[in-house]
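# Examining the three-dimensional arrangement
If you want the building blocks of each chain, they are given just below.
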Amino acid sequence: MLLVKILTLIISFNNLNGDKASESHRSRHRRSIPSPSDAKLVLDKHNEFRSIIGSEGEEPIPSNMRVMTWDDGLAVTSLRYAKNCVWGHSKLGERKTKIWNKENGENLWAATGDLADNFDPVRPVQVWFDEYVDYDFHNHTCTPKKKCGHYTQIVWANSYKLGCAWNLCPILRAEGQVMEGAMYMVCQYAPGGNVLGENLYKIGERCADCGSKDTCPDDALCRKFMNKMFKTICYEICFTDNEKRDIIFPLDNNADIIASALVGVVLVLVGSGIVGYYWYTHYADKSSMLIAWRKRRRVSSVVDIDYNKNGLRNSRAVTEKNGNAQSDAVDNSTTPPTDEKGKDSLPTE
């Protein structure tokens, strides 16, 4: 069994480190939400673009860009729509989840041929982001006959939840055309962006306009950050229900790990002290009585023993009272009483 587990770990490690072709054929064509590794690829690409926007001067630098986190609910609604194999945006009601039940955003991508056969979920995100060259940030406009809505949704500062899925469609009907063997990818965003007349984000130094409870560990994206060891201390009282969904608990460096270990030791010591105090106040007297009783047992067990005329062991510490022998020591005999014929005596009814 141990050998099987080791081999499984080795195979999984190899898949995560470059066996993209086999993973593509094995899992990226199945009709389900993305695997954790594929979801991470898509999510990381979104956050990469959100963190570098404005670095080359083509757009202003954002001061309130939030980090995106994955949402399985949005992935489910994305997959449900991708299975329809109909090109065009879904209705707003079809994008709602139990948690994100308002107007969520959506990006679509489809391709056939080699792009479908060797599908890479990062490619659509790159195609969407490349629309930035046709977008005018200050005028909120796009170059005539060009598309920019995918790009603007990716970098919409307050869209911080992402869920994507893809489906291989035998036939995809797109704008009067019929695409055979098309890979259809759908990503949905919450809260939805692309609000008419609003800027994509605030302008300023990176993270200058993060929320009061946010941190900016990478100097690029606002995020609610807590050390894992402090979760039980502050998590329930410091944040609202909506904020709790966005908190991540990374350990970024050795100092953080050491701090976590020290906090853990302190919590263990405090817990041990509480348990010890409770035991002392509730069970110390009972424990003392038990120890005294055991001492009396040990004293009685070492009393010198002799045998009576019937062969039964008796303690020498015996007193006579009213003709009946009474002992203050426990009879430790292991020899069962016998009758006159030497047979074991049986209890009577």
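Here goes a summary of the coordinates provided. What you see is a predicted model, and the numbers here were worked out from it, not measured in a lab. (Residues numbered from 1 in each chain as written. Predicted model: local features only at pLDDT ≥ 70, side-chain atom pairs only at ≥ 80, totals over all residues. Heavy atoms only, no water.)

## Some details on the pairing of strand β6 (residues 177–190)
This is how it is decided: For the exposure calls, accessible area comes from a 1.4 Å probe over protein chains only, and a residue counts as buried if that area is under 20% of its type's maximum, exposed if over 50%, partly exposed in between. Numbering of helices and strands runs from the N terminus; a helix is a DSSP stretch of H or I covering at least four residues, while a strand is a stretch of E covering at least two. Pairs of strands are assigned from DSSP output, requiring at least two bridges between the strands.
Within β6, 10 of the 14 residues are buried, leaving the element largely enclosed by the surrounding structure. Relative to β6, strand β2 (residues 105–111) runs antiparallel, the two sharing 7 bridges. In the strand pairing of β6, Gly-105 is matched with Tyr-189. As judged from the 13 bridges shared by strand β5 (residues 161–174) and β6, these two strands associate in the antiparallel manner. If you follow Ile-171 over to β6, its bridge partner there is Glu-180. What sits between β5 and β6 in their antiparallel hairpin is a turn of 2 residues, with Glu-175 showing a positive phi close to 50 degrees.

## Concerning the packing of helix α3 (residues 36–52) against helix α6 (residues 122–129)
Let me state the cut-off plainly: Fitted lines through C-alpha atoms serve as axes, helices being fitted only where they are in contact, and the angles separating the N-to-C directions of these axes extend from 0 to 180 degrees. Should an angle fall under 35 degrees it is taken as roughly parallel, and over 145 as roughly antiparallel, whereas 65 to 115 is taken as roughly perpendicular and any remaining angle as oblique. Note on convention: near helix rotated counterclockwise from far helix by under a right angle means a left-handed crossing. Clockwise means right-handed. Any two residues whose heavy atoms approach within 4.5 Å at even a single point are treated as in contact.
One way to put it is that α3 packs onto α6 with a least axis distance of 9 Å and a crossing angle of 25 degrees. By the angle between their directions, the pair α3 and α6 is classed as roughly parallel. Considering how the two elements wind past one another, α3 and α6 form a crossing that is right-handed. Every residue of α6 that contacts α3 at Leu-41, Val-42, Lys-45, His-46 and Phe-49 is listed here: Val-122, Val-125, Gln-126 and Phe-129.

## Remarks on the pairing of β2
A regular strand places its side chains on the two faces of the sheet in alternate fashion. Of all 7 residues in β2, 7 are buried; the element is thus mostly enclosed. By the alternation rule, side chains of β2 split into Gly-105, Asn-107, Trp-109 and Ala-111 and Glu-106, Leu-108 and Ala-110, which are all buried.

## Observations concerning the nonpolar core
Quick note on the threshold: The set of buried Ala, Val, Leu, Ile, Met, Phe, Trp, Tyr and Cys residues whose side-chain atoms join them within 4.5 Å is what this entry labels a nonpolar core.
Core analysis: the largest hydrophobic core is formed by 36 residues, its most contacted members being Val-42, Trp-128, Leu-162, Met-185, Cys-187 and Leu-200. Contributing elements (two or more residues each) for this core: α3, β2, α6, α7 (149–154), β5 and β6. In this structure Trp-128 touches Asn-107, Leu-108, Trp-109, His-150, Tyr-151, Ile-154, Met-185, Cys-187 and Tyr-189, once residues within four positions along its chain are discounted. Among the nonpolar cores identified, the runner-up in size contains 12 residues, and Ala-110, Ala-174, Met-179 and Val-186 belong to it.

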